[in-house]
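Listed below, chain by chain, are the residues.
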Amino acid sequence: MDQLRVKGGTPLNGTIQISGAKNAALPLMAASLLTGDELKLTNLPDLADISSMAGVLDGLGVDIHRNGGKGPKSECAMQVRDTAETTAPYDMVRKMRASVLVLGPLVARRGHARVSLPGGCAIGTRPVDLHLKALESLGAGIELKDGYIDARAPSGGLRGGHIVFPFVTVGGTENALMAAALADGETEINNAAREPEIADLARCLTMMGAKIEGIGTDTLRITGVPALSGGEYRVIADRIETGSYAVAAAITGGDLTLTGTDADLVDSVIGILERAGARVDVLDDGIRVAAPEGRLKGVDIMTEPYPGVPTDMQAQLMAMMTRAQGASMITEQIFENRFMHVPELCRMGADINVHGASAIVRGVDSLSAAPVMATDLRASVSLVLAALSAPGDSVISRVYHLDRGYERLPEKLAACGADIERIAG
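The rules behind these values
- Residues numbered from 1 in each chain as written.
- Predicted model: local features only at pLDDT ≥ 70, side-chain atom pairs only at ≥ 80, totals over all residues.
- Heavy atoms only, no water.
- Pairing = 2+ DSSP bridges.
- Helix = DSSP H or I, 4+ residues; strand = E, 2+ residues; numbered from the N terminus.
- Axes fitted to C-alpha atoms, helices over the stretch in contact; angles between N-to-C directions.
- Contact = heavy atoms within 4.5 Å.
- Salt bridge = Lys/Arg side-chain N within 4 Å of Asp/Glu carboxyl O.
- Buried < 20%, exposed > 50% of the residue type's maximum accessible area, 1.4 Å probe, protein only.
- Right-handed = clockwise from strand over helix to strand, strands pointing away.

Caption draft 1: Quick look at the sheet that holds strand β22 (residues 371–373). Within the open sheet, the 4 strands sit side by side as β22-β23-β1-β24. Their pairing is mixed. On the outer flanks of this sheet lie β22 and β24 (419–423), each paired with one strand and no other. On average, each strand axis in the sheet is tilted by 20 degrees relative to the strand beside it, whichever way the strands run. Sheet topology places strand β1 (residues 3–8) next to strand β23 (residues 392–397); 6 bridges connect them, and they run antiparallel. Following the sheet pairing, Lys7 is matched in β23 by Asp393. Seen against the sheet, helix α12 (residues 377–389) touches β1, β22, β23 and β24 and runs at an angle of roughly 30 degrees to β1.

Caption draft 2: Representation of the pattern of salt bridges within the structure. What the rule picks out here adds up to 21 salt bridges. Residue Lys40 is joined to Glu75 by a salt bridge in which the shortest nitrogen-to-oxygen separation is 3.7 Å. Taken together, the residues Lys40 in strand β3 (residues 39–42) and Glu75 in strand β5 (residues 75–80) connect sequence positions 35 residues apart. On the basis of relative accessibility, which here comes to 23%, the residue Lys40 falls in the partly exposed class. Across the salt bridge formed by Arg66 and Asp46, the nearest N and O atoms sit 3.9 Å from each other. On the criterion of sequence distance, the pair formed by Arg66 in strand β4 (residues 62–66) and Asp46 in the loop between β3 and α2 (48–59) is long-range, its members being 20 residues apart. Judged by relative accessible area, Arg66 falls into the partly exposed class, the value being 35%.

Caption draft 3: Structural context of the pairing of strand β11 (residues 186–190). Across 3 bridges, the pairing between strand β10 (residues 162–164) and β11 is parallel. Across the sheet, residue His162 finds its bridge partner in β11, namely Glu188. The parallel pair β10 and β11, bridged by helix α6 (residues 170–181), forms a crossover whose chirality is right-handed. Inspection of the sheet shows β11 paired to strand β13 (residues 219–223) by 5 bridges, in the antiparallel sense. Residue Glu186 lies in a different strand from β13, and its bridge partner there is Thr223.

Caption draft 4: How the structure looks around helix α1 (residues 22–30). When you tally the buried positions in α1, you get 8 out of 9 residues, the bulk of the element. Within α1 the residues assigned to the buried category are Lys22, Ala24, Ala25, Leu26, Pro27, Leu28, Met29 and Ala30.

So, in structure tokens, the structure goes:
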């Protein structure tokens, strides 16, 4: 099992190109099931989760061709073959929960979907019941049997309906939006997720011929069309990668320019960085983040649905607060079990006490290098950030988590002065 060795204590300085957003790319790939034409995505990140989704789609009859390019030059062309497979088996879905996003497109275009239930998640339970209720609102019949979701459209296909989510669900909104694009009549989705990845999906669907109003708001109105066409679409920048490298600049006392991204995607994170004393400059093609001359200042943080602080940035911001002057309270409102990085940060000398859904972080003068183990994707990068600021050699195990969501992370950090290497296990 591979590890990362990080020799910390060196400020990071330089420029990092931000990759396309994993959480935008996955539903965009699933949208290829909605048309018989070719859908080409550009700026697609080269990640394990992208490969997993490609495997799911291949099993469902989608031809996939990637050009092997990196960053903005990467392309992926997808086109449904004549085969009409509608089952996404457990062996594929278990690798990645986002595989459930094929459910809506399959029912909408092929009239039937049999998709394995995703199973558990290290950061807490993420049930798909809201996905299923949304499809039922569009006329689908749902049966849970032998660990699979069996969904069928009525004989005339899905029909428009009124979907009200009791709480914000990103995946549920994405599945409902894709299904409604081909449903007969009008659909209204209330309390829809407003994350930028939702808007990116809606814009891509609109490019394919869908009729969608309210993009970027919590109320989406979709007028179904008989068929969607293909086209070419560029995946938005990854706001979580942007935020993670912004924290890297602050926690190491460095100065990083992040290109190929948009400050609007990380407005809440920029607010925290500035309150902590970092300087953030908005550029035409990204942002520049410089650490304060003295120590960072403690800031209270609460995760919320967009446009609030993303839960996917909680671990990274906590790592930053371990080095801040004073105390910070970090409250996690999205997922349970998302403080699993705390014991590992404490192994490095952090002073953190967890009380239910909140953690009190008292900043320390310096972290210490130590062997640590990652438990999930965002926890793993928080440990890398902590290690970058800790003098000495840290070894981070189970870094396969990083491969799911960060493209060429060691190479990007090394180009800015980090002493980091991957050790094959």
